[in-house]
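Residue-level structural notes
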Amino acid sequence: MPDILRAALIPTDRFTLEPLGVHHAADMVSVLAGTAIYQYIGGQAPTAEELEKRYAAQSIGSSPDGREAWLNWIIREQGRSIGFVQATVETDGATSDVAWVVGEAFQGRGAATEAARAMVTWLRHQQPPVRITASIHPENTASASVARHLGLTPTGRFDEDGEEYWEDSPPTGA
Ligand SMILES: CC(C)(COP(=O)(O)OP(=O)(O)OC[C@H]1O[C@@H](n2cnc3c(N)ncnc32)[C@H](O)[C@@H]1OP(=O)(O)O)[C@@H](O)C(=O)NCCC(=O)NCCS
């Protein structure tokens, strides 16, 4: 059985992607505050206690049955947290569902694109390479732009929440 993939520190031009720890909860509470972030992804701003619990569970790094690796990174900029990126990797299929969230105050500066690109590049360089998928609400144009920058394309297939599946463009010559 292959080793479970673990998040590593990933530097980008402007940011550092730090593997998630419970200690990140303290400043992520304000990053995840407000209502705008939840317009398309559902849910609501977590309390400090809720976030500590969530981060404690997520930083275990895998599902109890070992079929999924949970990789989460906090996007850090000059000593502060501004958002997160995450990858849920199926250990058998080498496929990963990815997602990104940037705090309202830090949006519109290319942060999601830069952070997600670094994460996806890292995943694609694993052995074996991880194929990328994402689920995006059809009206979430900002998130769709991020996905396009990563080379993902919409599939026309939707999940039960009405989100569209996006995936890596199929290999040519198959
Ligand atoms: C989606 C999200 C992560 C984008 O973060 P960001 O750091 O502002 O994104 P970027 O600055 O990298 O911009 C990405 C693209 O979205 C566009 N964009 C940013 N904000 C936008 C908005 N409010 N409306 C429309 N487009 C927007 C940008 O112009 C850019 O497109 P371009 O590069 O083609 O010009 C952020 O809006 C967010 O956290 N939203 C709430 C959570 C969410 O929906 N996550 C996605 C789950 S799949």
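Structure: see above.
What comes next concerns the included structure. A quick note: this is a predicted structure, and the numbers were derived from the prediction, not measured.

Conventions used here
Residues numbered from 1 in each chain as written. Predicted model: local features only at pLDDT ≥ 70, side-chain atom pairs only at ≥ 80, totals over all residues. Heavy atoms only, no water. Pairing = 2+ DSSP bridges. Helix = DSSP H or I, 4+ residues; strand = E, 2+ residues; numbered from the N terminus. Polar contact = N/O pair within 3.5 Å; in protein donor to acceptor, adjacent residues only side chain to side chain. Contact = heavy atoms within 4.5 Å. Near = heavy atom within 4 Å. Areas by Shrake-Rupley, 256 points an atom, 1.4 Å probe, with all protein chains shown as cover. Nonpolar A, V, L, I, M, F, W, Y, C, P; charged D, E, K, R; others polar. Buried < 20%, exposed > 50% of the residue type's maximum accessible area, 1.4 Å probe, protein only. Arc of directions from axis to C-beta. Salt bridge = Lys/Arg side-chain N within 4 Å of Asp/Glu carboxyl O.

Right, let's get into the pairing of strand β2 (residues 16-19). Note: strand β1 (residues 10-11) against β2, two bridges, orientation antiparallel. What sits directly across from Ile-10, in β2, is Leu-17. Here β1 folds back onto β2 in antiparallel fashion, the turn holding four residues. Pairing geometry for β2 and strand β3 (residues 68-77), over four bridges, is antiparallel. Its bridge partner being in β3, Thr-16 is matched across the sheet by Arg-76.

Time to look at the side chain of Ser-63. Structurally, the position occupied by Ser-63 is in the loop between α2 (48-58) and β3. Reaching out from Ser-63, the side chain makes a polar contact with the backbone nitrogen of Arg-67 at a distance of 3.3 Å. Not counting residues within four places of it along the chain, the set of residues in contact with Ser-63 comprises Glu-68 and Trp-70.

This part covers the site of the ligand. Not every one of the 20 residues close to the ligand is listed here, only the nearest: Trp-100, Gly-108, Gly-110, Thr-113 and His-149. For the ligand, an oxygen atom lies 2.6 Å from a polar atom in the backbone of Gly-110. Bound to the protein, the ligand loses 70% of the 930 Å² it would expose on its own. Secondary-structure elements contributing two or more residues to the shell around the ligand are β5 (95-102), α3 (111-124) and α4 (141-149). Examining the composition of the shell around the ligand, we find that six residues originate from one element, α4, more than from any other. Looking at the shell around the ligand residue by residue, the class counts come to nine nonpolar, ten polar and one charged.

A word on α4. Turning to α4, its buried residues number three or more, namely Ser-143, Ala-144, Val-146 and Ala-147. Looking down the long axis of α4, one finds its buried residues gathered within 155° of arc, a one-sided arrangement. Every exposed residue of α4 that faces more than 90 degrees away from the buried side is listed here: Thr-141, Ala-142 and Arg-148. On its buried face, α4 is in contact with β5, α3, β6 (131-136), β7 (152-158) and β8 (164-168). Positive backbone phi, approximately 85°, marks Gly-151, located one or two places after α4.

Across all of its chains, the model carries seven salt bridges by this definition. Notably, a salt bridge pairs Arg-76 with Glu-18, separated by 3.5 Å at the nearest N-O pair. Taken together, the residues span a long stretch of sequence, with Arg-76 in strand β3 and Glu-18 in strand β2 at a distance of 58 residues. Its relative accessible area of 18% is what places Arg-76 among the buried residues. Glu-18 sits in the partly exposed class, given a relative accessible area of 22%.

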